[in-house]
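Here is what each chain is made of, one letter per residue.
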There are 2 protein chains.
Amino acid sequence: MNFCKIAFCIAAAASLCATAGPACADKGMFLLNDPPQRLIAERYGVNLDDAWMRHAMLAAVRFNNGGSGGFVSENGLVITNHHIADEVLAQLSTAQNDYLTQGFLAASPAEERPAPNLELNCLQSIEDVTDKIKGAVKPYMDAAQAAKARSEKMAQLEKESLDATGLRSDVVTLYQGGLYHLYRYKKYTDVRLVWAPEQAVASFGGDVDNFSYPRSSLDAALFRVYENGRPVRPQHYFRLASQAAQPGDAVFVIGTPGSTNRLQTAAWLEHHRNFTLPYRLARVRNMEAALRQFAERGSDEARRAASYISSQANSRKAYTGMFQGLLSSDIVRRHWRTDQELALKSACPQAWERIASSLHGSERLEEEYSLLEGRDAYPSPLFSAARHIVRLAQELPKPSEKRLREYRDSNLESLRQDLFSAEPVYADLEQARLTASFSFLAERLGSTHADTALVLNGKTPGERAKELVQGTRLADPEQRRRLAKMSLEELRGCGDTMISLALAVDEKARSLRDEYDRCVRSPLSEAYGLIAQERFRIYGQSEPPDATSTLRLSFGQVKGYEAEGKSVPYCTTFADLYRKSREAHDLPPYALPATWQKAEPSLDKGTQFNFVSTADTIGGNSGSPVLNSSGEMVGVNFDRNQYGMVRNYVYDEVQARHIAVSSDALIAALREVYHAGALADELTAR
Amino acid sequence: MNFCKIAFCIAAAASLCATAGPACADKGMFLLNDPPQRLIAERYGVNLDDAWMRHAMLAAVRFNNGGSGGFVSENGLVITNHHIADEVLAQLSTAQNDYLTQGFLAASPAEERPAPNLELNCLQSIEDVTDKIKGAVKPYMDAAQAAKARSEKMAQLEKESLDATGLRSDVVTLYQGGLYHLYRYKKYTDVRLVWAPEQAVASFGGDVDNFSYPRSSLDAALFRVYENGRPVRPQHYFRLASQAAQPGDAVFVIGTPGSTNRLQTAAWLEHHRNFTLPYRLARVRNMEAALRQFAERGSDEARRAASYISSQANSRKAYTGMFQGLLSSDIVRRHWRTDQELALKSACPQAWERIASSLHGSERLEEEYSLLEGRDAYPSPLFSAARHIVRLAQELPKPSEKRLREYRDSNLESLRQDLFSAEPVYADLEQARLTASFSFLAERLGSTHADTALVLNGKTPGERAKELVQGTRLADPEQRRRLAKMSLEELRGCGDTMISLALAVDEKARSLRDEYDRCVRSPLSEAYGLIAQERFRIYGQSEPPDATSTLRLSFGQVKGYEAEGKSVPYCTTFADLYRKSREAHDLPPYALPATWQKAEPSLDKGTQFNFVSTADTIGGNSGSPVLNSSGEMVGVNFDRNQYGMVRNYVYDEVQARHIAVSSDALIAALREVYHAGALADELTAR
């Protein structure tokens, strides 16, 4: 591994870090099997030995709804963010018991509430299978054949691993195709809600404070993992630090960042800026408007739509930040420069051109693909269930490696857990979402486009959504189980409207997937594979791969920053929470719940509430434990500030920070605000 | 004039009315100088004599912010909708006195609050100038030259009329160019707020009930018109009817419908569906999301953004309804059929083809035009002021008829009243709106497009908006007055950022306007002129022209309807208001203000609140007086139900209804809820 030279570091620290080339500063989301131990030792004088790394890996968990977390007690408590738990809270809520508004506390183990559809994955081992995957590709194959050969090999290795170990086994594509690693996970599906604060304090400041700092949010929640009806006793869990994080402290974030685009070429970034982000912005605005309109119907509707709305608003804000970032020509220009530097030294400069030419003119295909195969035209669990049921009937008769990737043997258990979950489905909400999406489809492709006609079937969006939702019984998990056993022939005659829609669009959706794979994904994968090889050859494996929703380690230091001429402190305290609420006359989004108003006299106002560090995070890191040098948890990551919104593309340690809830605040809140002494004791047991 | 045959009426009444061809049913927004007196007499046995028509014309007023209204007392009281007054309410509100939330009542004439920027127009006469305008076109002219000749002639006639009469004089293009009428208005600019209810009851049911019925909304407000510091004493005003509207009663709506598209060709409708509406939907969603995000910053921000948000939400709902309507192929198919019927009988069938070919491929031009010349890229009063200031400097040296149409002599007084108004401008709100719009520009045209670069000047949307808003003093009316006196040369050196932007984009914006006029507007205008001539020749002038924001008369009858198997009553009463509020646990959008809770015991619950009729209305009719046969006001129109959302394209009298606030409800509310007995007495004086 190559380490950054001091001179380079100084230059880079004054501005954004280069997007490719050698690692620098606190940049990087590192592979657990290739941790930056020497870099950390050099920068922070901290030696993370292999035992430290192994402990962190085995105590961390990934949430299947896109978040991170970690075991935090010997009796299987898992911490994550409130905004990762909010879907579960909404699912468990009723008009009488709205856990989003009221919060939740299980007074005893018996009151812990099973989450309808959570799967937690705990990484057990990583194996490099690059040679095996690449070896499946023969010289005579074109890009599409090569992609197929790789995909079949991946499914085969996963199946063999699953059979041999019983562990969930996923081959992960790193460096856009430069490396392939086999990840093996222990899987937990009995996950129960233990505690969550009121949304008002969990996302104190709401959409206004989202992606900003200073913050005062208790964005945390606790689950307990069960196996065979009893709490698991994990061999590895994170102990809570007895001392709060201090400025200059080295900290380590362990979690599953979703995706970054730092090693993408400038041509890819331009496509992303010119087409993909505007498309995604249009999409989230369409859905957000429909959901807000739905929520205005009444308080029950508002409760049911709440977590969808905050998710859309969060995406809108994130995409807006990314788009604005790419509009400042700096980021793209940097990528052009690093592309050129590497291409000049490279043996295959045509790889960059190949990426540009594959993306050129692919906008319409990408849009159709996103709508029909990517389900933007019908973003409803009812349609997703119908599609899975139809495709299970089509795919299961094939050998595992010949199936569409999501139906490979090693993924079937998780897929079925999701498909048969008892997650509630609200017909009126689904109808509103489908109406908006059908309109979006017609707006984007045109009302006379064959795809629009295929989906709308001669109806208006509103009529079609109504007909589909009224004519399906897929809201019932039992019905999903029944239909999932049917043959394709039986499904064609089953009379369920949503199954009929899934059948009607299937051929077109599959052909779009084939075409997108052939014309875009495969050539890109091949070209990126070549670029990654060249990057390793020239720079060494200095830069960790782009994030892939798999476990990574980031490091940094607790540190304030300067913004708009002012010094921004490294942490906030409870005093800031109460001050902010008073200044806003206790009005939303700064209204405090009654529990916090009542607890004010007994709380130590100086308690550290939120803090920031330079460690490198991105969406997907929500709920990541933040550890000190001893591997103890000083906090749980929940957001980044506005300067970190372009982290998809570039890392900056001057102003960009991730934000964490302090472990001290968590314990104080449990004891003084929620009177959950037993939980606090469990978390702090030594 | 041709009247509909009985057989045709019966067939049409069972479904939607044909979009062209002879008039039928209660369809039509009729010209005041060509009223359907015989049709009304035949259908309702009511004879509206010329005195009735003249009285209605002289008592009606048009609001310059897009609404309708009418004089309702001998001391110059004018009624309109609350949602037409809400801009004024927001402008007059402060953090301490939020008139949108609290409502407003002037306890004495001294407390009546001047609206910062309202102009009311009262139509005095209509003159047919078709021959003069058409006579300006010479045989050797092409479409663009003809359009220019017509435009110059219009400006000349307007100028002559203004000089001769002192009245605001506008030539109105009817039938997309079939007829030209000169409208002369008395203009009132000292308009003072007298009374407005709380928004909670004015738009009871909020966005949920918008465009639906049954309704319970007191969507009304009262202004008083002053001249020379004293209330005007209008010769004509509407007396309030002493008896509420009854089922079967003939009613007459007098107001200024904004625009309809019933006489547009099918090709135009397809263009509208395939491009214009999706574009407009994307636009309003972008702005609505930005405004909602702004409003979440706090209660003061929410108050300042409120009327913008409800306007965007209303547009979104209207466009959604229109788009969904056009996706049902029926409407477009009907237009194709009527096009074909007329084209077959016509001497110039190529006119239809000309419209189609002019629109074909015009999408990009229309988009650029809307963004740069139409100001979608910078929808801020700060930019609008800058543009007017720059263009006044360019246009005023030219003779009136050679100027851009909005700078013709006859329009200058109104334009300056608008430009120099003391309407408050909030820097933070403008910054948020510009940021969103700049992003929208980049999303639509692409970040590397020359227009985007011209507007953004190398900055991100957020940076550019900040720089522009911080560097302009145009929020100050005095500064606008100063700059409006400067020459173009002086403006170039004035250092105001917004003036610089207006200067920078001016050449491009003008060239887009020229190109759009030349390639789309002029050929369409010429072709529609031919079609209108043919329609008159073949069917007579049976169908009134599409709405043009000028005074029209509609007629219909008070009548319930059937929907989803249920009978929907012709009116609601106060009892429905209280019941609905109770059923919703008095939560928004059904929360009642304290005044209404307190007044409940003293109100007669049987009082008619809202009622519906079959009369033909569209956006712009908001605030239109609804009259009985005697010309007395039985209510004030404020909305239409969901079945009326496609009225832009087709009229239906089976289920589509406009909705009015009953005069009875207005008087009862003034007396019992607002203790405004003097106002009620003034309105009911005989």
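K.L.:
What should I look at first to understand the overall build of chain A in this one?
P.N.:
Scanning chain A for helices and strands turns up 26 helices and 21 strands. The C-alpha radius of gyration computed for chain A amounts to 25 Å, which stays within 12% of the reference 26 Å derived for 686 residues, consistent with globular compactness. By the burial criterion, 62% of the 686 residues in chain A qualify as buried. Looking at chain A alone, contacts between residues at least 24 apart form 78% of all its contacts between residues at least 6 apart. Total accessible area on chain A stands at roughly 25,000 Å², and carbon and sulfur atoms take up 50% of it. Averaged over its 81 positive side-chain charges, chain A has a centre that lies 2 Å from the centre of its 86 negative ones.

K.L.:
Honestly, the relation of the copies chain B and chain A in this entry has me stumped. Any pointers?
P.N.:
What relates the pair of chain copies is a rotation about an axis plus a shift along that axis. Here chain B sits on chain A after a turn of 180 degrees about the axis and a move of 0.0 Å along it, with an RMSD of 0.0 Å. This pairing of chains is accounted for by a two-fold axis. For chain B, the minimum C-alpha distance to the rotation axis belongs to B:R285 and amounts to 2.9 Å.

K.L.:
Please clarify how the packing of helix α17 (residues 427–445) of chain B against helix α19 (residues 461–470) of chain B should be interpreted in this entry.
P.N.:
Each packed pair of helices is defined by two parameters, the angle between the axes and the distance between the axes. Residue and element names in this part refer to chain B. Following both chains from N to C, one finds α17 and α19 inclined at 140 degrees, their axes separated by 8 Å at the closest point. In terms of their interaxial angle, α17 and α19 are classed as oblique. The element α17 and its partner α19 pack so that their crossing is right-handed. Contact with α17, carried on its side by A427, E430, Q431, L434, T435, F438 and S439, involves P461, G462, R464, A465, K466, L468 and V469 of α19 and no other residues of that element. For the contact of α17 with α19, the per-class residue count stands at seven nonpolar, four polar and three charged.

K.L.:
In this structure, what is going on with helix α17 (residues 427–445) of chain A? I would like to understand it.
P.N.:
The periodicity of an α-helix, 3.6 residues per turn, causes residues three or four positions apart to be oriented the same way. Residues and elements named next belong to chain A. Its 19 residues give α17 an end-to-end C-alpha distance of 26 Å, which sits within 8% of 27 Å, the value for a rise of 1.5 Å per residue. Of all 19 residues in α17, 15 are buried; the element is thus mostly enclosed. Within two residues after α17, G446 carries a phi angle of roughly 100 degrees, on the positive side.

K.L.:
Honestly, the packing of helix α25 (residues 663–673) of chain A against helix α26 (residues 677–684) of chain A in this entry has me stumped. Any pointers?
P.N.:
Residue and element names in this part refer to chain A. Running from N to C, α25 and α26 point in directions that differ by 150 degrees, and their axes come no closer than 7 Å. In terms of axis orientation, α25 runs roughly antiparallel to α26. Between α25 and α26 lies a crossing whose hand is left-handed. In contact with L666, I667, L670 and R671 of α25, α26 contributes G677, L679, A680, D681, L683 and T684. Across the contact of α25 with α26, the residue classes break down as six nonpolar, two polar and two charged.

K.L.:
I keep staring at the nonpolar core and nothing clicks. Help me out?
P.N.:
Burial of nonpolar side chains together is a common tendency in soluble globular proteins. A:Y378, A:M498, B:Y378 and B:M498 are the most contacted members of the largest nonpolar core, which has 142 residues in total. Filtering out sequence-adjacent residues up to four positions away, B:Y378 remains in contact with B:L371, B:L372, B:F383, B:R387, B:L434, B:S437, B:F438, B:V455, B:L501 and B:V505.

K.L.:
Sorry, what's going on with the packing of aromatic side chains here?
P.N.:
By convention here, two paired aromatic rings are described through the distance between centres and the angle between planes. Applying the stated criterion across every chain yields a total of 40 aromatic pairs over all chains. Measuring from centroid to centroid gives 4.5 Å for B:Y369 and B:Y516, while their planes differ by 15 degrees, and the two rings are stacked. With B:Y369 in helix α14 (residues 363–373) and B:Y516 in helix α22 (residues 497–539), this pair connects stretches of sequence that are 147 residues apart. Accessibility classification places B:Y369 together with B:Y516 in one group, the buried group. Through successive ring pairs, a cluster of aromatic residues spans A:W195, A:F574, A:W596, A:F609 and A:Y674. Its end group placed over the ring of A:F440, A:R283 keeps NZ or CZ at 5.0 Å from the ring centre.

K.L.:
Hey, could you run me through the side chain of A:S421 in this one?
P.N.:
Residues and elements named next belong to chain A. Relative to the helices and strands, S421 is located in the loop between α16 (409–419) and α17. Taking the relative accessible area as the measure of exposure, S421 reaches 5% and is therefore buried. Sequence-distant contacts of S421, defined by excluding residues within four places in its chain, comprise P116, N117, P477 and R480.

K.L.:
Can you walk me through the pattern of salt bridges in this structure?
P.N.:
Charged atoms that come close allow side chains of opposite charge to pair. On inspection of all chains with the given rule, the structure shows 125 salt bridges over all chains. A salt bridge links B:R168 to B:D170; its shortest N-O distance comes to 3.1 Å. With a shortest N-O distance of 2.6 Å, B:D517 and B:R521 are connected by a salt bridge. Linking B:D517 with B:R521, this pair stays in helix α22, spanning four residues, or about one helical turn. B:R521 gets classed as partly exposed once you look at its relative accessible area, which sits at 38%. In this structure, a network of salt bridges that share partners links the residues A:E373, A:R387, A:R391, A:E395, A:K398, A:E406, A:D506, A:R510 and A:R513.

K.L.:
Is there a simple way to explain the interface of chain B and chain A in this structure?
P.N.:
Frequently, the measure chosen for interface size is the accessible area removed from exposure when the parts meet. Between chain B and chain A, the residue contacts involve 36 residues of the former and 36 residues of the latter. Of the roughly 3,200 Å² buried at the junction of chain B and chain A (both faces included), carbon and sulfur atoms supply 53%. Sorting the residues of chain B by area buried against chain A places B:R285, B:E296 and B:E443 first, and these three jointly supply 19% of that buried surface. Summed over the shared surface of chain B and chain A, the result is five salt bridges. Among the salt bridges present, the one from B:R285 reaches A:E443, with a minimum N-O distance of 2.9 Å.

K.L.:
Honestly, the sheet that holds strand β18 (residues 608–613) of chain A in this entry has me stumped. Any pointers?
P.N.:
Strand pairing within a sheet occurs via backbone hydrogen bonds; the two strands may be parallel or antiparallel. Residue and element names in this part refer to chain A. Read from one edge to the other, the open sheet built from eight strands follows the order β1-β14-β13-β19-β20-β21-β18-β17, with strand pairing classed as antiparallel. Two strands close off the open sheet at either side, each with one partner strand: β1 (30–31) and β17 (571–573). By the bridge criterion, six bridges tie strand β13 (residues 250–255) to strand β14 (residues 552–557) in an arrangement that is antiparallel. Each bridged residue has a counterpart across the sheet, and for V253 the counterpart in β14 is S554. Set on the sheet, helix α3 (residues 50–59) makes contact with β13, β14 and β19 (625–627); between it and β13 the angle comes to about 45 degrees.

K.L.:
Explanation requested: the domain arrangement of chain A in the structure shown.
P.N.:
Residue and element names in this part refer to chain A. Domain parsing of chain A yields domain 1 (3–119 + 189–262 + 545–684), domain 2 (121–186) and domain 3 (266–529). The C-alpha-based centres of domain 2 and domain 3 are spaced at 24 Å. Contacts between domain 2 and domain 3 engage 22 residues on the former and 17 residues on the latter. Taken together, both faces of the contact between domain 2 and domain 3 bury some 1,500 Å²; the carbon and sulfur share is 49%.

K.L.:
Would you take a moment to explain the pairing of β14(A) for this structure?
P.N.:
Both faces of the sheet carry side chains from a regular strand, because those side chains alternate between them. Residues and elements named next belong to chain A. Here β14 lies mainly inside the structure; six of its six residues are buried. The alternating pattern of β14 places R552, S554 and G556 and L553, F555 and Q557 on opposite faces, both of which are buried. The sheet contact formed by β1 and β14 spans two bridges and is antiparallel. Within β14, the position partnered with L31 by the bridge is R552.

K.L.:
Mind showing me how you'd approach helix α16 (residues 409–419) of chain B here?
P.N.:
All of the buried residues in α16(B) are B:S410, B:N411, B:L412, B:S414, B:L415 and B:L419. Turning to α16(B), the residues buried within the fold contact α7 (143–165), β8 (168–174), β9 (179–188), α15 (381–395) and α20 (477–484) of chain B.

K.L.:
Help me understand unusual backbone geometry in this model?
P.N.:
For residues besides glycine, phi is generally negative; the peptide bonds are generally trans as well. Following B:Y213, the chain continues to B:P214 via a peptide bond in cis, the omega torsion being 5 degrees. Assignment of secondary structure puts B:P214 in the loop between α9 (206–209) and β11 (221–227). With an omega of 0 degrees, the peptide bond between B:P588 and B:P589 qualifies as cis. Of note, B:P589 is situated in the loop between α23 (574–583) and α24 (594–599). Despite not being glycine, A:N457 shows a phi value in the positive range, around 55 degrees. When its relative accessible area of 47% is taken as the criterion, A:N457 is described as partly exposed. Backbone geometry places A:S549, a non-glycine residue, at a positive phi of 60 degrees. For A:S549, the position within the fold is in the loop between α22 (497–539) and β14.

Rules and cut-offs
Residues numbered from 1 in each chain as written. Chains lettered and ligands numbered in written order. Predicted model: local features only at pLDDT ≥ 70, side-chain atom pairs only at ≥ 80, totals over all residues. Heavy atoms only, no water. Helix = DSSP H or I, 4+ residues; strand = E, 2+ residues; numbered from the N terminus. Rg over C-alpha atoms; globule rule 2.2 N^0.38 Å. Buried < 20%, exposed > 50% of the residue type's maximum accessible area, 1.4 Å probe, protein only. Contact = heavy atoms within 4.5 Å. Areas by Shrake-Rupley, 256 points an atom, 1.4 Å probe, with all protein chains shown as cover. Lys, Arg positive; Asp, Glu negative; His and termini not counted. Charge placed at Lys NZ, Arg CZ, Asp CG, Glu CD. Least-squares fit on C-alpha atoms with pLDDT ≥ 70 in both. Axes fitted to C-alpha atoms, helices over the stretch in contact; angles between N-to-C directions. Parallel < 35°, antiparallel > 145°, perpendicular 65-115°, else oblique. Left-handed = near helix turned anticlockwise from the far one by under 90°. Nonpolar A, V, L, I, M, F, W, Y, C, P; charged D, E, K, R; others polar. Expected span 1.5 Å × (residues − 1). Core = buried A, V, L, I, M, F, W, Y, C linked by side-chain atoms within 4.5 Å. Phe/Tyr/Trp six-rings, centres within 6.5 Å; stacked < 30°, edge-to-face > 60°. Lys NZ or Arg CZ within 6 Å of the ring centre and 35° of its normal. Salt bridge = Lys/Arg side-chain N within 4 Å of Asp/Glu carboxyl O. Buried area = accessible area lost by both parts, 1.4 Å probe. Pairing = 2+ DSSP bridges. Domains from an automatic or database assignment.

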